Amino acid sequence: MIEAVIFDLDGSMVDSMWVWRSVDIEYLGRRGIAMPEDLQASIGGRSFTETAIYFKERFRLPDSLETIKADWNRMAWDKYTHEVPLKKGVLELLQFCRRQGIKMGIATSNSRELVENIVAVHHLEHFFTCIVTGCDVAKGKPAPDIYLAAAKFLKVVPANCLVFEDIVHGIQAGKAAGMKVCAVYDKYSEYQEAEKKILADYYTREFTELLEDGTL
C-alpha cells in the first residue's frame, strides 16, 4: 500500500539535466579545462557537496567548496527560474496524490537553494511535507540515506513508499532503502534505459500513464 511518494527532482520531476551539462562546460571552460566525456557519469547521484569535492580534487581547483557551490548556484539560478519546465503529468500526479491522502516529499542531490527555487517558481510548496537534499545526509545516492531520511520526515515506513527516479544511482538508492521504485524516462539517461527497467519495479515515460493504467 502506497502511503507516501518521494520524488527525485532533476530529470524526474523537471526537465533540467541539460542545465548541469551546460553549467559544467561553462564552469570548466572559464578555467581553461575541457569537460571530460566521463564527467556526467562520474558524478551521477553524488550530493551537491560530494560533487564539489570531486571537482576540487579532480581538477585541482583552488577555490573553497563553498565558493564552488555558490558559483554553481549562481550559474544555474536563471536557467532554473526561466528555462526548466515540469515534466508532463507531474502536476496531475501531485494533485491525484493529494486527493488520495498520499504524503509527498522530495529527495534530491541538488542544492536546497535551487530546489526551493524551482518549487516556488511552479507554486508547488503546498504539495510537499519535506525536502531532503544529499547534503542533509551522510552519503549521497546510491546509498539509501536520503530516502530513509525522507521516509522518517514523512512518518511512513519505507516499504510503503514509492520513489520516482530517472538515473540508475537513484533507483539503487530507493531499492536499498526498501522502497518501491518507478523509473522515469529522461533523454539525459537514455543510455541507461535497459538497466533502469531491470532495476525498477515500474517504468514510465510520462506520469499521466500511471494514472491511466491504475499503477497509483
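A short tour of the structure in this document, coming up. Nothing here was measured: the structure is a model prediction, and the numbers come from that model.

## Focus on helix α3 (residues 48-58)
Stage number 1. The set of residues buried in α3 consists of F48, T51, A52, Y54 and F55. One face of α3 carries all of its buried residues, which in axial projection span an arc of 160 degrees.
Stage number 2. Buried residues in α3 make contact with α1 (17-29), α2 (39-43) and α4 (65-82).
Stage number 3. Downstream of α3 by one or two residues, R60 has phi in the positive range, about 55 degrees.

## As for the nonpolar core
Stage number 1. Core analysis: the biggest nonpolar cluster contains 45 residues, and F7, M13, F55, W72, L94, F128 and F164 have the highest contact counts within it.
Stage number 2. Those residues in contact with F7 that lie beyond four places of it in its chain are M13, L93, L94, M104, G105, I106, A107, F128, F164 and F207.
Stage number 3. If you look at the next biggest cluster of nonpolar residues, it comprises 21 residues, including A150, A151, V163 and A200.

## Observations concerning the pattern of salt bridges
Stage number 1. A full pass over the atoms with the stated rule returns 15 salt bridges.
Stage number 2. With its nearest N and O atoms 3.3 Å apart, the salt bridge here joins E66 to K69. With E66 and K69 both in helix α4, this residue pair falls three residues apart, about one helical turn.
Stage number 3. Taking relative accessible area as the criterion, K69 reaches 13% and is therefore assigned buried.
Stage number 4. For D136, the salt bridge is made with R112, and the minimal N-O distance between the two is 2.7 Å. Here R112 lies in helix α6 (residues 112-121) and D136 lies in the loop between β3 (130-133) and α7 (145-154), a separation of 24 residues in the sequence.

## Some details on the pairing of strand β5 (residues 180-184)
Stage number 1. Taken across its five residues, β5 has four buried, putting it largely inside the fold.
Stage number 2. Pairing of strand β4 (residues 161-165) with β5 involves four bridges; the strand directions are parallel. The partner of L162 across the bridge, within β5, is K180.
Stage number 3. In this fold, the crossover linking β4 to β5 by way of helix α8 (residues 168-176) has right-handed handedness.
Stage number 4. Two strands pair when backbone bridges link them, and β5 and strand β6 (residues 202-204) are joined in this way by three bridges, in the parallel orientation. Note that in β6 the partner of C182 across the bridge is Y202.
Stage number 5. In this fold, β5 hands off to helix α9 (residues 193-199), which returns the chain to β6; that crossover is right-handed.

Analysis parameters
- Residues numbered from 1 in each chain as written.
- Predicted model: local features only at pLDDT ≥ 70, side-chain atom pairs only at ≥ 80, totals over all residues.
- Heavy atoms only, no water.
- Buried < 20%, exposed > 50% of the residue type's maximum accessible area, 1.4 Å probe, protein only.
- Helix = DSSP H or I, 4+ residues; strand = E, 2+ residues; numbered from the N terminus.
- Arc of directions from axis to C-beta.
- Contact = heavy atoms within 4.5 Å.
- Core = buried A, V, L, I, M, F, W, Y, C linked by side-chain atoms within 4.5 Å.
- Salt bridge = Lys/Arg side-chain N within 4 Å of Asp/Glu carboxyl O.
- Pairing = 2+ DSSP bridges.
- Right-handed = clockwise from strand over helix to strand, strands pointing away.

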